[in-house]
Amino acid sequence: MNILNQLVSWFADPAHWSGSGGVPIRLLEHLYYSGLALLIGLVVALPIGLAVGHTGKGSFLIVGLANGLRALPELGVLILLVLFMGIGLIPVVIALSILAIPPLLAGAYAGIRNVDPAVVDAARGVGMREQQVLFKVELPNALPLILGGLRSAALQVIATAAVASFVSFGGFGRYIFDGLRIRDYPQMAAGALLVAALALAVEGVLALVQRSVVSPGLRASGGARRSPTADVASTPEPAQPDDPSPAPELAGVKR
Amino acid sequence: MIEFRGVTKRFPDGTVAVDNLDLKVDAGKITVFVGPSGCGKTTSLRMINRMIEPSDGQILVNGNDIMQSDAADLRRGIGYVIQHAGLFPHRTIVDNIATVPLLLGWNKIKARKRATELMEIVGLAPEMAQRYPSQLSGGQQQRVGVARALAADPPVLLMDEPFSAVDPVVRESLQDELLRLQSELGKTIVFVTHDIDEAVKLGDKVAVLRVGGKLAQYDEPGVLLARPVDDFVDNFVGRDRGYRGLGFLSSDEIPLGELKTVTIGEAAPAGEEWVLVVDGERRPQGWLGAEQREGLETVSADRLVPGGSLYEIGSGSLRSALDAALSSPSGQGVAVDAQGAVAGAISADDVLRALDATRRDEQPS
């Protein structure tokens, strides 16, 4: 029996879909660790990214932080944290949020910096206070890049959350590490497949969220309709990229 | 009224953008700041709403020192229009226009209603309300920019090179539109441009600034064209200033000469000289020369030589009078009354004599 057939029969086995080791429970565990890590990442990265983007002060912080964190080996960080803090959820979530912070930070910072300076000037000029400039103008215009950063962070965190099982936690990683221990390769393959499927599913959901929260005015094509009579020939270049890639790049940030 | 009192702007790197500027902007008029790049015209404008803060001196708006009020409150009371319009890309046109009323705490319905009114005032079709800025042309965006600035009905409007990014044809129509709006609204407008033609067209008064932020001359456009104070202003005002200056001289004194006319349908007149053909209401249709008259029995509209520009008595300038004379095939300019009916002929000689008389009257003593 080849691995594909074994994989199919693994998924067909009702025993794998119920109980504390079943797919639904493992799914919730996986989402729980990932969600927590993303939340912490957002709480840390978003205010810093917005503040530095708005004021333009401390860009070195963003570049340094994003580069430094990206260079850390995930598994090494996790083991180190566990050694210091003991086995627990906290080291797992911290290790994962370290993964989430660079793309979130870069997305927030680049999103705010990329807002057309003339638009920001106009916002001040009509009498918005600094907070209003940030939240009523800069933030909505930065949303495509901020959400791009979130999608990229979610993808990485979900894909990596399997390491939680390495330090005896649940999640889809359980199938991979348990399978490895008892040389149950179909189980390992199933675990890997579930991780990949979840990452793609969440990516799809976030893409839908992005569609619904980003103003149609920031989408150059699709969404808002163009009138055939409107004189669009001389429309100036759109201030925002029409479909920002999920991973916003920062000038000066090298992978 | 806006008043600059000894205003200086020094930037941290030491450059002086505006140097001891003293100037009064008249209420209800358009005042244009013009000059080459680096003359501090935009800096001067942006100091009025504290987008840039003066290093020295005082700026008063309606008698109040701008530094005494909160910057955001001050700006909400001053309309602000910039190059490229600076519209908010994430907001619809109607919400862009409603920005300041909403900041001032109006409710949404009232603010949107006001925004819809303004769209009509600046000549935007109502169906644009729900579109986004990226769906509009540059000229349309600039109209939205003007509407946004006017939304809370501020007495003062600051316009920073608002029309310089649109093509010349659209620019001209936006300028005309601004003059039309101003004749209805009577705002105190400060307008910055680097284009002297735009300055003399729009300005009730024009301030020419020189590099280094010094005021070179502050005068009505006609005076600026006729009597530049020095070589810098003379150079900046540019070629043809004599001719363009005629646009600011009125011409009540031009004598009207006899003009031979014939109505369409009448018998063709004898003789060699040019005859102006008019319709039943004496509106000029074109000219008949000796050539066109050969073998012609009754005057019809199809064999006419097109006429030149027309000079309207009462509202026309010396420039339009001279142009009427120069562009007419017969050398006789056609003067018409307010209804467009022929009133008489003007010759280039008469215009130049009227110009002489006007100059004698206006000679500074």
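Please refer to the structure placed before this passage.
All of the points below concern the structure found in this document. Remember, it's a predicted structure, so these values are computed and weren't measured experimentally.

**Quick look at the overall build of chain A**
If you tally the helices and strands in chain A, you get nine helices and zero strands. Restricting the contact set of chain A to residue pairs at least 6 apart, pairs at least 24 apart contribute 73%. By element, 68% of the accessible surface of chain A is carried by carbon and sulfur atoms, the whole surface being about 12,300 Å².

**Examining the packing of aromatic side chains**
As enumerated under the stated definition, the model contains eleven aromatic pairs over all chains in all. Taking 5.2 Å as the distance between ring centres and 85° as the angle between the ring planes, the aromatic pair formed by W10 of chain A and F11 of chain A counts as edge-to-face. Accessibility expressed as a relative area gives 6% for W10 of chain A, which makes it buried. Each ring, one from W274 of chain B and one from W287 of chain B, has its centre 6.4 Å from the other, and the planes form 85°; the classification is edge-to-face.

**Side note on the interface of chain B and chain A**
Residue-level contacts link 29 residues of chain B with 30 residues of chain A. For the pair chain B and chain A, the summed buried area comes to about 2,500 Å², and 56% of that belongs to carbon and sulfur atoms. If you look at where chain B meets chain A, you find three salt bridges. Residue D70 of chain B pairs with R129 of chain A through a salt bridge whose shortest N-O separation is 2.9 Å. Linking chain B with chain A are nine residue pairs in polar contact (both at pLDDT 80 or more). Looking at side-chain class alone, the side of chain B that touches chain A contains eleven nonpolar, ten polar and eight charged residues.

**A few points about the pattern of salt bridges**
Residue and element names in this part refer to chain B. One pass over the structure, following the stated rule, counts 24 salt bridges over all chains. Notably, a salt bridge pairs R143 with E177, separated by 3.2 Å at the nearest N-O pair. On the criterion of sequence distance, the pair formed by R143 in helix α6 (residues 138-150) and E177 in helix α7 (residues 168-185) is long-range, its members being 34 residues apart. Each member of the pair, R143 together with E177, is buried. Of the charged contacts, one joins E281 and R283 as a salt bridge, the two residues approaching to 3.0 Å between their closest N and O atoms. Note on E281: relative accessible area 54%, which makes it exposed. Within this structure, R143, E177, R180 and E184 form a network of salt bridges that share partners.

**A word on the sheet that holds strand β12 (residues 275-278) of chain B**
All names here are of chain B. Spatially, three strands are ordered β11-β12-β13 in an open sheet, and the strand pairing comes out mixed. Unpaired on one side and paired on the other, β11 (261-263) and β13 (284-288) mark the two borders of the sheet. Within the sheet, the average angular offset between the axes of one strand and its neighbour, ignoring direction, is 35°. Of the strand pairs in this sheet, β11 and β12 are connected by three bridges, and their pairing is parallel. Bridge pairing in β12 places V262 opposite V277.

**Observations regarding the packing of α6 of chain B against α7 of chain B**
Residue and element names in this part refer to chain B. Two numbers describe how α6 lies on α7: the axes approach to 11 Å, and their chain directions differ by 20°. Classed by the angle they form, the pair α6 and α7 counts as roughly parallel. Handedness of the α6/α7 crossing: right-handed. For the pair formed by α6 and α7, the contact residues are G139, Q142, R143, V146 and L150 on the first element and V170, S173, L174, E177, L181 and L185 on the second. Considering only residue class, the contact of α6 with α7 consists of six nonpolar, three polar and two charged.

**Considerations on helix α7 (residues 130-160) of chain A**
Side chains three or four residues apart in an α-helix point the same way, a direct result of the helix having 3.6 residues per turn. The end-to-end C-alpha separation of α7 of chain A is 38 Å, well short of the 45 Å expected for 31 residues at 1.5 Å each. A maximum bend of about 55° is found in α7 of chain A at L143 of chain A, where proline P144 of chain A lies one to four positions downstream.

**Here's the deal with the pairing of β13 of chain B**
Residue and element names in this part refer to chain B. One ladder, built from four bridges, connects β12 with β13; its direction is antiparallel. Paired with V277 across the two strands is G286, which belongs to β13. Following β12, the chain reverses through five residues before pairing antiparallel with β13; R282 in that reversal takes a positive phi of roughly 60°.

**With respect to the sheet that holds strand β5 (residues 64-65) of chain B**
All names here are of chain B. With respect to topology, four strands assemble into an open sheet ordered β2-β1-β4-β5, the strand pairing being antiparallel. Two strands bound the open sheet, and with one partner strand each, they are β2 (16-25) and β5. Summarising the sheet, strand β4 (residues 56-61) and β5 pair through two bridges and their orientation is antiparallel. Its bridge partner lying in β5, V61 is registered against N64. Packing against the sheet, helix α1 (residues 41-48) makes contact with β1 (2-10), β2 and β4, and its axis sits at approximately 120° to β1.

**Re the environment of A164 of chain A**
Take A164 of chain A: it is sitting in the loop between α7 and α8 (173-181). Residues in contact with A164 of chain A, not counting those within four places in the same chain, are Y33, V92, F169 and G170 of chain A.

Scoring rules and cut-offs
- Residues numbered from 1 in each chain as written.
- Chains lettered and ligands numbered in written order.
- Predicted model: local features only at pLDDT ≥ 70, side-chain atom pairs only at ≥ 80, totals over all residues.
- Heavy atoms only, no water.
- Helix = DSSP H or I, 4+ residues; strand = E, 2+ residues; numbered from the N terminus.
- Contact = heavy atoms within 4.5 Å.
- Areas by Shrake-Rupley, 256 points an atom, 1.4 Å probe, with all protein chains shown as cover.
- Phe/Tyr/Trp six-rings, centres within 6.5 Å; stacked < 30°, edge-to-face > 60°.
- Buried < 20%, exposed > 50% of the residue type's maximum accessible area, 1.4 Å probe, protein only.
- Buried area = accessible area lost by both parts, 1.4 Å probe.
- Salt bridge = Lys/Arg side-chain N within 4 Å of Asp/Glu carboxyl O.
- Polar contact = N/O pair within 3.5 Å; in protein donor to acceptor, adjacent residues only side chain to side chain.
- Nonpolar A, V, L, I, M, F, W, Y, C, P; charged D, E, K, R; others polar.
- Pairing = 2+ DSSP bridges.
- Axes fitted to C-alpha atoms, helices over the stretch in contact; angles between N-to-C directions.
- Parallel < 35°, antiparallel > 145°, perpendicular 65-115°, else oblique.
- Left-handed = near helix turned anticlockwise from the far one by under 90°.
- Expected span 1.5 Å × (residues − 1).
- Bend = angle between axes of the 7 residues up to and from the residue.

From the geometry alone we can't say anything about function, so treat these as descriptive.
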